[in-house]
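Listed here are the chains, written in short residue letters.
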Amino acid sequence: MGSTIKRILIVLGIGVIVYFGMSFLVASWISYFSSTKRINSLPKEKILFTALKKEYHLTQIERSPDTEQKLLHPKDTLVYTLYLSTIVCEQKKENIARISREVAQKINSLGLDQNFYKYELFFYCKELPPGLLRYEFLRKDLK
């Protein structure tokens, strides 16, 4: 009688583990396939971001989620937005303005969809009083 109870408990335990494992798999599949399509980076963009980090000593480069959706489904007129975090912000604002113009010209070389008419760059610096510098460039002015 004791061995029968053990077998029943073992079968029930295995059944519970399999049930929760399968429900986890089903839930993860549903969430994966029902989420919006995402892209990590375009190949050229990935190379550019690595070069920018190295050249300008940036700690992090992020695209806005809105820009990511626009890359997937380009519509009328679009703005390409980047957030750049930097350690060295002791430079003058003119220097950072020059750097932002160079970054915008490099973004222009990516060959983005023609609907992107403007590039918007945000530099995050802890040392500067506002903490955030914003620069805008029209694509047609960078050619």
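Residues numbered from 1 in each chain as written. Predicted model: local features only at pLDDT ≥ 70, side-chain atom pairs only at ≥ 80, totals over all residues. Heavy atoms only, no water.

Help me understand the overall build of the protein chain in this model?
Assigned secondary structure in the protein chain consists of four helices and four strands. When burial is assessed residue by residue, the protein chain has 33% of its 143 residues classed as buried. Excluding contacts between residues fewer than 6 apart, the proportion of contacts in the protein chain whose partners are at least 24 apart in sequence is 60%. Surface summary for the protein chain: the accessible area is close to 10200 Å², and the carbon and sulfur share equals 62%. (Helix = DSSP H or I, 4+ residues; strand = E, 2+ residues; numbered from the N terminus. Buried < 20%, exposed > 50% of the residue type's maximum accessible area, 1.4 Å probe, protein only. Contact = heavy atoms within 4.5 Å. Areas by Shrake-Rupley, 256 points an atom, 1.4 Å probe, with all protein chains shown as cover.)

Help me understand the nonpolar core, please; the structure alone is not making it clear to me.
The tendency in soluble globular proteins is for nonpolar side chains to be buried side by side. Counting residues in hydrophobic clusters, the biggest one holds 26 residues, and the most contacted among them are Y80, I107, L112, L121 and F123. Counting residues per element, the ones that place at least two in this core are α2 (43–56), β1 (58–63), β2 (78–86), α4 (93–108), β3 (116–124) and β4 (132–138). For this core, the element with the most residues is α4, which contributes five residues. (Core = buried A, V, L, I, M, F, W, Y, C linked by side-chain atoms within 4.5 Å.)

Sorry, what's going on with the pairing of β2 here?
Burial within β2 is extensive, with eight of its nine residues counted as buried. With five bridges joining them, β1 and β2 adopt antiparallel strand pairing. From the neighbouring strand, R63 faces β2, where its bridge partner is L82. Pairing of β2 with β3 involves eight bridges; the strand directions are parallel. The residue of β3 that forms the bridge with T81 is E120. (Pairing = 2+ DSSP bridges.)

Sorry, what's going on with α2 here?
In an α-helix, one turn spans 3.6 residues; hence positions three or four apart end up facing the same way. Its 14 residues give α2 an end-to-end C-alpha distance of 20 Å, which sits within 8% of 20 Å, the value for a rise of 1.5 Å per residue. In the stretch just after α2, H57 is the one whose phi turns positive, near 55 degrees. (Expected span 1.5 Å × (residues − 1).)

Where do I start with the sheet that holds β3 in this structure?
Sheets are built from strands paired through backbone hydrogen bonds, the pairs being either parallel or antiparallel. Strand order in the open sheet formed by four strands is β1-β2-β3-β4, with mixed pairing between adjacent strands. One side of each edge strand has no neighbouring strand; the edge strands of this open sheet are β1 and β4. On average, adjacent strands in this sheet sit at an angle of 20 degrees to one another, irrespective of strand direction. Contacting β1 and β2, α2 crosses the sheet at an angle of about 150 degrees to β1. (Axes fitted to C-alpha atoms, helices over the stretch in contact; angles between N-to-C directions.)

Can you help me understand the packing of aromatic side chains in this one?
Here the distance between the centres and the angle between the planes together describe a pair of aromatic rings. Considering all chains together, one arrives at five aromatic pairs under this definition. Consider the rings of Y19 and F20, whose centres lie 5.4 Å apart with planes at 70 degrees: the pair is edge-to-face. Of the residues examined, Y19 reaches a relative accessible area of 55% and is grouped as exposed. For F20, a relative accessible area of 53% corresponds to the exposed category. (Phe/Tyr/Trp six-rings, centres within 6.5 Å; stacked < 30°, edge-to-face > 60°.)

Which parts of the structure should I look at to understand unusual backbone geometry?
Note: most residues except glycine have negative phi, and most peptide bonds are trans. With a phi close to 55 degrees, H57 is a non-glycine residue in the positive phi region. With respect to the helices and strands, the residue H57 is situated in the loop between α2 and β1.

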